[in-house]
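# What the coordinates show
The chain contents come next:
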Amino acid sequence: VKKIAVLTSGGDSQGMNAAVRAVVRSGLFHGLEVFAVQRGYAGLINDDIRPMDLRSVGDIIQRGGTILQTARCKEFMTPEGQQIGADNLRKRGIDGLVVIGGDGSYQGANKLNKLGINTMGLPGTIDNDIPFTDFTIGFDTAVSIVVDAINKLRDTMSSHERSSVVEVMGRHCGEIALYAGLASGAETILVPEVPFDLTEVSQRMVDNFNLGKRHSIILVAEGVCKGEDIAAEITKNTGIEPRVTVLGHIQRGGAPTHNDRILASSLGDFAVRKLIEGESGKGCGIIKGELVLTDIDKVVNTKREFNMELYELAKRLSQ
Ligand code: ATP
């Protein structure tokens, strides 16, 4: 490849800018021409593509969001839309594309790959729901934000002997709830991957209060149900009225942690080097410290395995 492009797509996540910077600077370092596509696949269809230089990615490594913006683009779900996108790249001689996004964005990248554009996927999503990588770009920052919020809730809760239900992001994947729950000592972690009995959860809360616990935190991933519904059920079972906090989009904002910046930088550079070596149709990841490539086809057709070991650990330690 001689000319490559980079885009960000789907939900934004902290560290996407660091990944864009890495792709651009690594590409230029290796003598490639590098382009940026604005607003994900929408920009690909609308031909919103511009050349990048070293300075165009200056002062962004520390910023949340994405300077390339992102979009959800229905038209790109159609074969016609995908063809227009591929043609817009080809007419500029761009034969490599790095897509930074989640599962849906990977599906789009897979389609482009089948149309002859060499594509690489970088896992950019706070949810940590992409398989074949230990972590996705943005997850570490999102977990830190949840942990920080719980620290603050704990301060006020233990002064008032209160319980809290905290609803966090994760439609299909409970890893934010799991990691944040373990890191902040939540009493209960409710995730879509593990069935639970709310009567038992309620009883445990009562037992814990009787044993002298002054506060109790239930962390629920949004994919389970609304935090309000959990709280209502607990009130029905116990008479205790937990406070509900929905953290929402705050989890997607703010400066990326050093872990996310380093992950994004490593993966961005890796994607470019692999494109130069002739790889395509691959998702990039890091597993146990090793940079790895996996067929995008395989990535999009595999469900990420939930970390039951960590879940059990969180349970053991939250007595
Ligand atoms: P997040 O995990 O943050 O939601 P995502 O990448 O999964 O990110 P989606 O909205 O699912 O977000 O996908 C982003 C875009 O990718 C879509 O708007 C669409 O343009 C494209 N896309 C999704 N699925 C497909 C598909 N099956 N074929 C082609 N393009 C797709």
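Residues numbered from 1 in each chain as written. Predicted model: local features only at pLDDT ≥ 70, side-chain atom pairs only at ≥ 80, totals over all residues.

### A word on the overall build of the protein chain
Counting its regular elements, the protein chain contains 11 helices and 11 strands. Along the three orthogonal principal directions, the C-alpha set of the protein chain runs to about 70 × 35 × 35 Å. For the protein chain, with 319 residues in total, the buried portion stands at 50%. Taking all contacts inside the protein chain whose residues are at least 6 apart in sequence as the whole, residues at least 24 apart take part in 76%. (Helix = DSSP H or I, 4+ residues; strand = E, 2+ residues; numbered from the N terminus. Buried ≥ 20, exposed ≤ 12 C-beta atoms within 10 Å, placed from the backbone. Contact = placed C-beta atoms within 7 Å.)

### Digging into the sheet that holds strand S1 (residues 3-8)
The mixed open sheet is built from 7 strands, whose spatial order is S3-S2-S1-S4-S5-S10-S11. Sheet topology places strand S3 (49-51) and strand S11 (290-295) at the edges, where each strand pairs with a single neighbour. The sheet shows a mean angle of 25° between the axes of neighbouring strands, direction not considered. Taken strand by strand, helix H1 (residues 16-29) contacts S1, strand S2 (33-37), strand S4 (96-101) and strand S5 (118-123), and its axis lies near 175° from that of S1. (Pairing = 2+ DSSP bridges. Axes fitted to C-alpha atoms, helices over the stretch in contact; angles between N-to-C directions.)

### Focus on the packing of helix H5 (residues 139-160) against helix H6 (residues 175-184)
Running from N to C, H5 and H6 cross one another at 45°; their axes reach a closest spacing of 9 Å. When the axis of H5 is compared with that of H6, the two are oblique. Handedness of the H5/H6 crossing: right-handed. Within the contact between the two elements, H5 uses Phe139, Ala142, Val143, Val146, Val147, Ile150 and Asn151 and H6 uses Glu175, Ile176, Tyr179, Ala180, Ala183 and Ser184. Tallied by class, the residues present in the contact of H5 with H6 amount to 10 nonpolar, 2 polar and 1 charged. (Parallel < 35°, antiparallel > 145°, perpendicular 65-115°, else oblique. Left-handed = near helix turned anticlockwise from the far one by under 90°. Nonpolar A, V, L, I, M, F, W, Y, C, P; charged D, E, K, R; others polar.)

### A word on the pairing of strand S6 (residues 163-168)
Within S6, 6 of the 6 residues are buried, which leaves it mostly tucked inside the rest of the structure. Across 6 bridges, the pairing between S6 and strand S8 (residues 216-221) is parallel. Following the sheet pairing, Val166 is matched in S8 by Leu219. When S6 meets strand S9 (residues 243-246), the two strands line up parallel, connected through 4 bridges. Bridge pairing in S9 links Val165 to Val244.

Honestly, that's just the spatial picture; any functional story needs more than this.
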